[in-house]
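If you want the building blocks of each chain, they are given just below.
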Amino acid sequence: MSDPQSPPEFHGDKPRVVVTRHLAPAVEARMGELYEAVLNRDDVPMTRDALVAAMADCDVLVPTVTDRIDAAMIEGAGERLRLIANFGAGVEHIDLEAARARKIIVTNTPGVFTDDTADIAMAGIIGVPRRIREGVELVRKGEWTGWAPSAMLGRKIGGKVLGIIGMGRIGQAVAHRARAFGLEVAYHNRKPLPAALEQMLGVRFVADLDTLVAEADILSLHCPLTNATRGMIDARRIALMKQGACVINTARGELIDQDALIAALQSGHLSGAGLDVYPDEPDIDRRLIAHPNVMTLPHIGSATVEGREASGEKVIANIQFWKDGHRPPDQVLSGLV
């Protein structure tokens, strides 16, 4: 595939850019200066019909993970739409093959949320074994009766095995943090990291996913959602896990069979879970909320002022490069075949 060789043509002096959610004020202000920007200051998620209408009348669409851009929507988009500049690293909510067929470029914003997401994962890695959610609730309800030698006993994390599934930027950032807490880090990935990087991080590769799952005291998910990874942590694999192990998921909710997870939590096979993502967001299964040792966070892995501003700046950079006829720096999919 080749890249654009000349600047695209617009109906007016500036490209019309539709932004589906409210972004950082500085980012929106800059977009207003550079483009004919249609902003969503009320931050109400756009309906499918609203997205279809927007895609029929813009040069650039700036969606987020909450926007499902399927094949029918892309196939029915207007001829103006030439770039989908996604706000966020994950693009599984966009039908890339349909975009390819329409010669629409797709970009994302990788790297800016690495540390933020790794920090939230560590909150679960520490908080679930130490029953932090349960302790906070005890105090808030006024039910804490004071210190006792056998009360609120959790598990230490030093010396335990942290199994990481997916050793990209975020997985590596988690491994780096985890070693400081005395965790032994094993990982599964499509292919092993270079030996020098493994040595630097102090991690070891486990080629078989079932083996890693069975070995881990704490299992943390950091892989993208694909057809191959959807439901990868199912009832069979959960049954392989140690009695009292726990699961941390800051990646995508659909990686886990939620009913199987809940069954293992209710039976006591798993001691707890730290979840920042869910298959039916924003709906969260009430059984998860009811469990005393499930940390249920509202998808805040990337929710820092710095990270969200940096992501918006990457969106603008991608649009600018495309507008000037150059390859966007974070191009996921070329618009030309």
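Residues numbered from 1 in each chain as written. Predicted model: local features only at pLDDT ≥ 70, side-chain atom pairs only at ≥ 80, totals over all residues. Heavy atoms only, no water.

### Observations concerning unusual backbone geometry
For residues besides glycine, phi is generally negative; the peptide bonds are generally trans as well. The omega torsion across Glu281 and Pro282 is 5°, close enough to zero to call that bond cis. Within the secondary structure layout, Pro282 lies in the loop between β11 (270-275) and α12 (286-290). Although it is not a glycine, Asp43 sits at a positive phi angle of roughly 60°. Residue placement: Asp43 occurs in the loop between β2 (36-38) and α2 (48-55). Even without glycine at this site, Arg131 takes up a positive phi of about 60°. Considering the arrangement of structural elements, one finds Arg131 in the loop between α5 (114-127) and α6 (132-140). Its relative accessible area of 22% is what places Arg131 among the partly exposed residues. (Helix = DSSP H or I, 4+ residues; strand = E, 2+ residues; numbered from the N terminus. Buried < 20%, exposed > 50% of the residue type's maximum accessible area, 1.4 Å probe, protein only.)

### Details of the packing of α5 against helix α7 (residues 169-180)
Relative orientation of the contacting elements α5 and α7 amounts to 50°, with a least axis distance of 9 Å. Overall, the two elements α5 and α7 adopt an arrangement that is oblique. Between α5 and α7 lies a crossing of right-handed hand. Two secondary-structure elements touch here, α5 through Thr114, Asp115, Thr117, Ala118, Asp119, Ala121, Met122 and Ile125 and α7 through Arg169, Ile170, Ala173, Val174, Arg177 and Ala178. Tallied by class, residues from the contact of α5 with α7 come to 8 nonpolar, 2 polar and 4 charged. (Axes fitted to C-alpha atoms, helices over the stretch in contact; angles between N-to-C directions. Parallel < 35°, antiparallel > 145°, perpendicular 65-115°, else oblique. Left-handed = near helix turned anticlockwise from the far one by under 90°. Contact = heavy atoms within 4.5 Å. Nonpolar A, V, L, I, M, F, W, Y, C, P; charged D, E, K, R; others polar.)

### Quick word on the pattern of salt bridges
Counted under the stated rule, the structure contains 24 salt bridges. In this structure, Arg80 engages Asp57 in a salt bridge whose closest nitrogen and oxygen atoms are separated by 3.2 Å. Residue Arg80 is located in the loop between α3 (71-75) and β4 (83-85), and its partner Asp57 is located in the loop between α2 and β3 (60-62); the two are separated by 23 residues in the primary sequence. For Asp57, a relative accessible area of 35% gives the class partly exposed. Residues Glu79 and Arg102 are paired through a salt bridge, measuring 3.8 Å at the closest nitrogen-oxygen approach. In this pair, Glu79 sits in the loop between α3 and β4 while Arg102 sits in the loop between α4 (96-101) and β5 (105-107), placing the two residues 23 residues apart along the sequence. Relative accessible area serves as the criterion here: at 65%, Glu79 is assigned to the exposed category. The class for Arg102 is buried, based on a relative accessible area of 17%. A single salt-bridge network, built from bridges that share partners, covers Arg16, Glu36, Asp57, Asp59 and Arg80. (Salt bridge = Lys/Arg side-chain N within 4 Å of Asp/Glu carboxyl O.)

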